[in-house]
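# Close look at the chain arrangement
Residue-level listing of the chains:
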Amino acid sequence: MTFKVIVKGKASGKIMKTDIPINFLGAVDKKTGIIHDTKHDLVGKSIKDSILVFPYGVGSSVGAYTIYSLKSSKSAPLAMICAKADLSVASGCALANIPMVIATEFDKLEDGKEITLDTESDKLIIFRE
Amino acid sequence: MELTKEEESALKGEHGETMETAYRILVAIGEAINAEKLVPIKWAHLSGVNYNTIGDAGEEFLSKLSQDAKVKVMTTLNPMGFDFDSVSKYNLDKNFIEKQQSIKESYEKMGVIPSFSCIPYEIFDLPEKGTQVSFAESNAAIYANSIAHLKTNKESAFSALASALTGKTPYSDLRINDSPNLTIKMKIDEPNELAFGMLGYFAGKVADNSVTISGVSEMNKRSCKSLCGGMGTSGRCGKFFLGDGKENAERIDFDKKEMQNIYDELNTSDHGDIITLGSPQLGLEEIADLSSMLKGRSFEKRCMVFCPRVVQEQARKIGYTNELERAGCEILSDCCTCLTPLVDKNEIDSVITNSIKGAYYLKNSNGVDVNLKSLSQIIQDETK
């Protein structure tokens, strides 16, 4: 699997994965990180401290502020892995210093797996049993 | 992405913390969208103005940034949470008003034009065709690329801000003339603005960066804005072309079935306590339209009408606002249907609107149910 680094950094944690794009402004509570869009499969779950794996961000440009707010309220994911890049997620992670990469083989990332993401390491993502 | 020597030194922090932050954002988004270089822009339009959406973290960030940051190009601004002229009539808390005031002052301190509008393309003179701009506000970006002959990424709030502070933006694929791999055919007979909004919402879901829309013979301004607003809400698509599209493109129909699915997703109530119009805000032409539709009729419920301040001033001079106010409309500037705290779920259970964008955010962010109807249906059902 190859990756493109958008925002550098290191994080270890459990993958929370969805195949549905995320509208950060409309779907995520900026204080708690809980997804409140009833049409989303992560509804009711908090993305706090997860390695959030999702296709890409959609919707309002202000979603970038939601990501920054999540970080300020200590409810942000530890890192984000996307299938495609979008400007809201990329710029939100850049300002909030949340490591972010684009994965070529998005489908191989499994929900619940423990991983270490390290943009300085050769392998970039290390899966732990 | 290739940077010039000056850009490199700004990224290293040699031109101060603000420039370092701005270039860090530009480099991240440049990498994200595979841009080769940065190019100069002539106009930036910022989102992230409403305290409701950016919260304390955003307010503090802007307050700190504005201590030394200045915009380098013409920079305009999205709507905020309320209209200072009428805020005393609403039950907003003091903290909200103070924080909104602080956000407003931070932007003004940076040299931003306090336009508070999501339709900059309608209230400012457009630069010549092909001009590079940087528009956050998803409907404005799509309108700029598709209708106004300008070039912009579908910017984020931070990327447009970084562009305003540096006068630069990544040269991405949306800025280069491309030919979409997907064509969506509009197959609804006599579509109104609501149908076009749903088409946009559908297209945003299935398209990548850009899409061709075929089967559209004509589209008035209301429908066009509705299409742009819907598309900006559901996806990352930043541009549409009208026409047949390239021969080998994938083709999808937008038929009654697809439209019903979108309607069922966004319509959550069969009635509404109040009516809201204007997300994106209404322009002068639409206000004129509304005033003629309301001749001799009056709303039976509260109706909030959102338009830019400059539009309200013009409409007042011409006399359209007399007609609207006689019919029971509250006319508000500097804010819009989408995410305004004036539509409070503690007081209002459901809202009637013709805005797809408004419907999505009213439900998901404000927690208010939505009854979607076209403008002509709203006038027919809700006035006498």
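Read on for a plain summary of the structure. Remember, predicted model here, so these are calculated numbers, not experimental data.

## With respect to the overall build of chain A
If you tally the helices and strands in chain A, you get three helices and seven strands. The linear arrangement of helices and strands in chain A, starting from the amino end, is β-β-α-β-α-β-α-β-β-β. The principal-axis extent of the C-alpha atoms belonging to chain A is close to 35 × 25 × 25 Å. Of all 129 residues assigned to chain A, the portion counted as buried reaches 60%. Of all intrachain contacts in chain A linking residues separated by at least 6 positions in sequence, the fraction that spans at least 24 positions is 68%. Looking at chain A as shown, the accessible area adds up to about 5200 Å², and 50% of this sits on carbon and sulfur atoms. Each charge class in chain A was averaged separately, 17 positive and 15 negative side chains, and the resulting centres sit 5 Å apart.

## Re the pattern of salt bridges
Residues and elements named next belong to chain B. Evaluation of the coordinates by the stated rule reveals 30 salt bridges over all chains. For the salt bridge of Lys99 with Asp56, the shortest nitrogen-to-oxygen distance reads 3.1 Å. Here Lys99, found in helix H4 (residues 94-109), pairs with Asp56, found in helix H3 (residues 51-65); they are 43 residues apart in sequence, far enough to count as distant. Accessibility expressed as a relative area gives 29% for Asp56, which makes it partly exposed. A salt bridge links Lys301 to Glu382; the shortest N-O distance between them is 3.2 Å. One end of the pair, Lys301, is in the loop between helix H11 (284-293) and strand S11 (303-306); the other, Glu382, is in helix H15 (residues 375-382), and 81 residues separate them in sequence. Residue classification places Lys301 among the partly exposed positions, given a relative accessible area of 27%. In the salt-bridge network here, residues are joined through shared partners; they are Asp83, Asp85, Arg309 and Asp334.

## Brief notes about the packing of aromatic side chains
Describing an aromatic ring pair means giving the distance of the ring centres and the angle of the ring planes. Residues and elements named next belong to chain B. Inspection of the entire model under this criterion finds 15 aromatic pairs over all chains. Residues Trp43 and Phe135 carry aromatic rings whose centres are separated by 4.9 Å and whose planes lie at 80° to one another, so their mutual orientation is edge-to-face. With a gap of 92 residues between them, Trp43 in strand S2 (residues 43-46) and Phe135 in strand S4 (residues 134-135) connect regions that are remote in the sequence. Just as Trp43 is buried, Phe135 falls in that class too. Pairing Tyr201 with Tyr360 gives two aromatic rings, centres 6.5 Å apart and planes at 45°, and the pair type is tilted. Placement of Tyr201 in helix H8 (residues 193-206) and of Tyr360 in helix H14 (residues 356-364) is noted, with a sequence separation of 159 residues between them. Neither Tyr201 nor Tyr360 differs from the other in exposure class; each is buried.

## Quick notes on the layout of surface pockets
In this structure, the largest pocket encloses a volume near 950 Å³. Along the wall of the largest pocket there are 33 residues; nearest its centre are Lys30(A), Lys31(A), Asn52(B), Phe96(B) and Ser365(B). Every element with two or more residues in the lining of the largest pocket is listed here: helix H2 (63-72) of chain A together with H3 and H4 of chain B. If you tally residues by element for the lining of the largest pocket, the top one is H3(B), at seven residues. Residues of the lining of the largest pocket, tallied by class, amount to ten nonpolar, 16 polar and seven charged.

## As for the nonpolar core
Judged by nonpolar contacts, the single largest core of 137 residues is most densely connected at Phe24(A), Tyr65(A), Met80(A), Met100(A), Tyr107(B) and Val211(B). Not counting residues up to four positions away in its chain, the partners in contact with Tyr107(B) are Tyr65(A), Leu46(B), Ser47(B), Gly48(B), Val49(B), Leu62(B), Leu77(B) and Val112(B). If you look at the next biggest cluster of nonpolar residues, it comprises 20 residues, including Leu277(B), Leu282(B), Leu290(B) and Phe299(B).

## So, the sheet that holds S11(B)
All names here are of chain B. The strand order S12-S11-S10-S13-S14 describes an open sheet built from five strands, whose pairing is parallel. Either end of the sheet is taken by a strand with one partner, and the two such strands are strand S12 (329-332) and strand S14 (369-372). Between one strand and the next, the sheet's axes are offset by a mean angle of 25°, whatever the strand orientation. In this sheet, S12 lies alongside S11 in parallel orientation, the contact comprising four bridges. In the strand pairing of S12, Cys303 is matched with Cys329.

## Notes on the pairing of strand S8 (residues 239-242) of chain B
Residues and elements named next belong to chain B. Across four bridges, strand S7 (residues 210-214) lies against S8 in parallel orientation. When the bridges of S8 are listed, Ile213 appears paired with Leu242. Of the crossover connections in this fold, the one passing from S7 over helix H9 (residues 221-234) to the parallel S8 is right-handed.

## Quick notes on the environment of Asn50(B)
Residues and elements named next belong to chain B. Residue position: Asn50 is located in the loop between S2 and H3. Separated by 291 residues in sequence, Asn50 and Pro341 have C-alpha atoms that sit 9.2 Å apart. Ignoring sequence-local partners within four residues, the contact set of Asn50 consists of Pro79, Met80, Gly81, Phe96, Gln100, Leu339, Thr340 and Pro341. There is a polar contact of 3.0 Å between the side chain of Asn50 and the backbone nitrogen of Asn52.

What counts and what doesn't
Residues numbered from 1 in each chain as written. Chains lettered and ligands numbered in written order. Predicted model: local features only at pLDDT ≥ 70, side-chain atom pairs only at ≥ 80, totals over all residues. Heavy atoms only, no water. Helix = DSSP H or I, 4+ residues; strand = E, 2+ residues; numbered from the N terminus. Buried < 20%, exposed > 50% of the residue type's maximum accessible area, 1.4 Å probe, protein only. Contact = heavy atoms within 4.5 Å. Areas by Shrake-Rupley, 256 points an atom, 1.4 Å probe, with all protein chains shown as cover. Lys, Arg positive; Asp, Glu negative; His and termini not counted. Charge placed at Lys NZ, Arg CZ, Asp CG, Glu CD. Salt bridge = Lys/Arg side-chain N within 4 Å of Asp/Glu carboxyl O. Phe/Tyr/Trp six-rings, centres within 6.5 Å; stacked < 30°, edge-to-face > 60°. 1 Å grid on protein atoms, 1.4 Å probe; cavity = no way out; pocket = protein on both sides within 12 Å on 5 of 7 lines; lining within 4 Å. Points joined across faces, edges and corners; volume = space filled by probe spheres on them. Nonpolar A, V, L, I, M, F, W, Y, C, P; charged D, E, K, R; others polar. Core = buried A, V, L, I, M, F, W, Y, C linked by side-chain atoms within 4.5 Å. Pairing = 2+ DSSP bridges. Axes fitted to C-alpha atoms, helices over the stretch in contact; angles between N-to-C directions. Right-handed = clockwise from strand over helix to strand, strands pointing away. Polar contact = N/O pair within 3.5 Å; in protein donor to acceptor, adjacent residues only side chain to side chain.

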